[in-house]
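# Remarks on the overall topology
Each chain, letter by letter, is given below.
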Amino acid sequence: MDSLNKKGKMTSIFNTTPPKTINDMVMDQMCNNPCCFFCIMKEPDTSSRRSGLATCFKEMSVINRDDQQHVLVLSGLWNIAMAQPDDPEFISLGIFDCMVSLLEKGTNDRSWLLRDQNIYIPYYAAHVIGSYTMNKVEFAEKAVLAGVIPPLMELLRGKISWVEQRVAVRALGHLASYERTFEAVAAYEEELVRLTMNLASTCLDQVYTKFVGVKDDNKRSKYHCDLLTRGVGGLEMENRKAEEWASQLQCWSLYLLNCFACKERSLNLICNQGFLVDLCGMWGGLVNHSSPAGVGLIRILCYSKYGRQNISESKQVLENLCHLSRSSDDWQYMGIDCLLLLLKDIDTRYKVIEIVTMFLIDLVELKSLGDRSNLGENITKTLILDYKQSKFRIKNSHVLKALQQTWELKVERRKREKTMSVEKIEEKRVLVNLIKQQANHVFWLGDVEEAIKMYNEALDTCPSKLRKERTVLYSNRAQCYLLLRDPDAAIRDSTRALCLSNPTNSHGKSLWRRSQAYDMKGLAKESLMDCIMFINSVTTTTTNKRVKIPYYAARMISKQMEATWLFVNAQSKFTRSDDDYEISSNEDDHQLECDEMMRQMMMMMMEKKSIASGLSTIIEEPLIVKGKNWREMERARRRNKTAFNVMARSM
């Protein structure tokens, strides 16, 4: 709503204090209005309160009535709905009818919308609907009967702004998630799916261009600022909340599409090749804690034959799934699931096998991942499902060699070692350690290629049961490949080491080595996740209470956070398309924001990765490196960014 940002008459609308909460209003003095919501809420008699609330909702629904208290009441209802979404009292008294009337008035009567504080009302009304339909299907049915879908569709179409689209897609997603209300939403199926796909693909650009990228406070929508921060906090807080809301807007859009994909509805629209590629880049950034975002929808599509057929035809989607399957991302298992579903389908198996084999072979010794056990065995069986016959259908010699190695490791070698005595295994252990020590010595002498040969010999000698020894050998060989500037080989070996580690993805050195290798390949998200997990391993294995995060790891996180910032692509597009110097020169401002956000983002991700509670004191303390304060070094880095980039590339 560009007109809402102009000066003059509109200024008086937005230069108001943010709406009071229900707690503030309840403390106010009793008024003389018999339909006052806040006075009615303090009524001790239940029947009188219910009667008063029903009357209040009816009065608010009168579209020709103009009451400046409406926005205060809506703010109070929003607080109640968020705190008690399963309470049936307001549902039985007609709250949905009231919200529908207010939404219809907001979307149809622009002059009313721009009067006083009415601009806040559609947001609160749609949010109340979404909160009350979140958990209970009976509430959702009453909402549909009250006619909430048409005005929510108007908001989804962008009738007001992205802020209202966010709460509209949330509410529609809840309604579409129930069998008994799905068809009511599906009445708008084609339009809704197209709108939601477009919203998921463009919402980050939209939020950046209309809010985050607008550095002049006077040019930002005042009511957006108030809703984001509730009137508390400046530019930095607004940007953080806008990033969170943008991520939610994208994730809730994908959730709504999931509701259709689960029923194999509109797959011809959702499986558009361009949109499938877009899905690979949707992960929500570090502010997304719970939704699998784009990969969640891709996995749903892989459950259908039509979906698998379309996904198997996109090399870019397959490669993204492969990278995810070899990462320490929380959704790693989803990437593996997708690849296995594609391999198990005879119609897609030989379309994808030459791409995915080179990634999945590194995971064949994976024991467990979350609540999934024997995952490596499942991967092995799928890869060598028709090994004898597939040799004649696969033309790629590297893939054939990889399948042969898998067959040798998991079938032939297992047969040979099955009868191996305990004494023989111990002899092998001693020999392997001796070869490893020699390889380490050769490595430190600088003969990296010779060291690789000796690590190869040790791995060939080492029995499969000696998982700890093999973890170290793979990790050491990965370091050799790093020095030879071969990131693909380093990723393969460090991934194998991490699969052998106990628990999975816990070997610190392998995490750091793979993080560096991913950085070489420009895979910033994968590098970031590994680096965070590496810091986890460092901080949880030490007994020192004042552990410092290694500077090189903090520097890597800073670099990758900037590269994976939720709005990085939107910023790039905006900078190229806008001739305004103020916008195109925001790089330093963004770097400052990244630096300020770094500690909080690290805390969130580390909490998600179950890092020790004492970490807060570690991150809050200045990082000391060679007698220098970390924050001082960061300031120096910003003053000479070019020099830092050269140093980072030489790591």
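Residues numbered from 1 in each chain as written. Predicted model: local features only at pLDDT ≥ 70, side-chain atom pairs only at ≥ 80, totals over all residues. Heavy atoms only, no water.

Right, let's talk about the overall build of the protein for a bit. Within the protein one finds 39 helices and 4 strands. Counting across all 651 residues of the protein, residues that qualify as buried make up 56%. Of all intrachain contacts in the protein linking residues separated by at least 6 positions in sequence, the fraction that spans at least 24 positions is 72%. A total accessible area of about 29,200 Å² is found for the protein, and carbon and sulfur atoms account for 50% of it. (Helix = DSSP H or I, 4+ residues; strand = E, 2+ residues; numbered from the N terminus. Buried < 20%, exposed > 50% of the residue type's maximum accessible area, 1.4 Å probe, protein only. Contact = heavy atoms within 4.5 Å. Areas by Shrake-Rupley, 256 points an atom, 1.4 Å probe, with all protein chains shown as cover.)

We now examine the pattern of salt bridges. This model, assessed by the stated rule, comprises 34 salt bridges. We note a salt bridge from aspartate 345 to arginine 308, for which the minimum N-O separation is 2.8 Å. In this pair, aspartate 345 sits in the loop between helix 22 (332–344) and helix 23 (346–360) while arginine 308 sits in helix 20 (residues 305–312), placing the two residues 37 residues apart along the sequence. A single burial state applies to aspartate 345 and to arginine 308, both of which are buried. Between aspartate 371 and arginine 372 there is a salt bridge whose closest N-O contact spans 3.7 Å. (Salt bridge = Lys/Arg side-chain N within 4 Å of Asp/Glu carboxyl O.)

Quick look at the state of the cysteines now. What the rule picks out here adds up to 0 disulfides. Considering cysteine sulfurs only, cysteine 203 is the nearest to cysteine 251, which forms no disulfide, with 8.7 Å between them. Relative accessible area serves as the criterion here: at 9%, cysteine 251 is assigned to the buried category. (Disulfide = S-S within 2.5 Å.)

A few words on the environment of alanine 171. Of note, alanine 171 is situated in helix 12 (residues 162–176). Distance from alanine 171 to histidine 127, taken between C-alpha atoms, is 7.3 Å for residues 44 residues apart in sequence. Contacts of alanine 171, omitting those with residues within four sequence positions, involve Ala126, Ile129, Gly130, Thr133 and Leu152.

It is worth spelling out the packing of aromatic side chains at this point. This model, assessed by the stated rule, comprises 17 aromatic pairs. Pairing tryptophan 565 with phenylalanine 567 gives two aromatic rings, centres 5.5 Å apart and planes at 80°, and the pair type is edge-to-face. Judged by relative accessible area, which is 7%, tryptophan 565 ranks as buried. Linked through ring pairs, Phe37, Phe38, Phe57 and Phe90 together constitute an aromatic cluster. Over the aromatic face of phenylalanine 211 sits the side chain of arginine 220, whose NZ or CZ is 4.3 Å from the ring centroid. (Phe/Tyr/Trp six-rings, centres within 6.5 Å; stacked < 30°, edge-to-face > 60°. Lys NZ or Arg CZ within 6 Å of the ring centre and 35° of its normal.)

With their axes 9 Å apart at the nearest point, helix 30 (residues 487–500) and helix 31 (residues 508–521) run at an angle of 150° to one another. Put simply, helix 30 runs roughly antiparallel to helix 31. Where helix 30 crosses over helix 31, the two elements pack in a sense that is left-handed. Here helix 30 contributes Pro487, Asp488, Ala490, Ile491, Ser494, Thr495, Ala497 and Leu498 to the contact with helix 31, which in turn contributes Ser510, Leu511, Arg514, Ala517, Tyr518, Met520 and Lys521. Its residues assigned to classes, the contact of helix 30 with helix 31 comprises 9 nonpolar, 3 polar and 3 charged. (Axes fitted to C-alpha atoms, helices over the stretch in contact; angles between N-to-C directions. Parallel < 35°, antiparallel > 145°, perpendicular 65-115°, else oblique. Left-handed = near helix turned anticlockwise from the far one by under 90°. Nonpolar A, V, L, I, M, F, W, Y, C, P; charged D, E, K, R; others polar.)

With that out of the way, let us pick up the environment of valine 411. Along the chain, the position of valine 411 falls in helix 26 (residues 397–418). Here the alpha-carbon distance between valine 411 and isoleucine 384, two residues 27 residues apart in the chain, equals 9.9 Å. Filtering out sequence-adjacent residues up to four positions away, valine 411 remains in contact with Ile384 and Thr406.

Turning next to the confidence of the model for the protein. For the protein, the average pLDDT comes to 84, and 80% of its residues sit at 70 or higher. Averaged pLDDT values over the elements of the protein bottom out at 28 in helix 37 (residues 615–620) and peak at 98 in helix 12. Every residue in residues 1–18 is under pLDDT 50, and counting partners more than four places away or in other chains gives 37 contacts. In the model, residues 579–597 has pLDDT below 50 throughout and makes 34 contacts with residues more than four positions away in sequence or in other chains. (pLDDT = per-residue confidence, 0-100.)

A cis amide bond links asparagine 502 with the next residue in sequence, proline 503, at an omega value of 0°. Following the sequence through the fold, proline 503 ends up in the loop between helix 30 and helix 31. Despite not being glycine, alanine 293 shows a phi value in the positive range, around 55°. Despite not being glycine, asparagine 374 shows a phi value in the positive range, around 55°. Residue classification places asparagine 374 among the exposed positions, given a relative accessible area of 52%.

A few words on the side chain of asparagine 118. Position of asparagine 118 among the secondary structure elements: in the loop between helix 8 (110–113) and helix 9 (121–132). Polar contacts involving the side chain of asparagine 118 include one to the main-chain carbonyl oxygen of tryptophan 112, which spans 2.8 Å. (Polar contact = N/O pair within 3.5 Å; in protein donor to acceptor, adjacent residues only side chain to side chain.)

On to the nonpolar core. Ile95, Met99, Leu152, Phe275 and Ile311 are the most contacted members of the largest nonpolar core, which has 150 residues in total. Taken together, domain 1 (32–199) and domain 2 (428–462 + 466–569) each give at least three residues to this core, which thus spans both. Not counting chain neighbours up to four residues away, the residues in contact with methionine 99 comprise Leu74, Leu77, Ala125, Val128 and Ile129. (Core = buried A, V, L, I, M, F, W, Y, C linked by side-chain atoms within 4.5 Å. Domains from an automatic or database assignment.)

In an α-helix, one turn spans 3.6 residues, which is why side chains three or four residues apart end up on the same side. Helix 11 (residues 149–156) sits mainly inside the fold: 6 of its 8 residues count as buried. Restricting attention to buried positions, one finds in helix 11 the residues Ile149, Pro151, Leu152, Met153, Leu155 and Leu156. On its buried side, helix 11 packs onto helix 7 (95–108), helix 9, helix 10 (137–145), helix 12, helix 13 (179–186) and helix 14 (189–212). Looking one or two residues past helix 11, glycine 158 carries a phi angle of roughly 90°, positive in sign.

Moving on: helix 7. The end-to-end C-alpha distance of helix 7, which contains 14 residues, comes to 20 Å, matching closely the 20 Å that a straight helix rising 1.5 Å per residue would cover. In terms of burial, helix 7 is a largely internal element, 11 of the 14 residues being buried. Turning to helix 7, its buried residues number three or more, namely Ile95, Phe96, Cys98, Met99, Val100, Ser101, Leu102, Leu103, Lys105, Gly106 and Thr107. (Expected span 1.5 Å × (residues − 1).)

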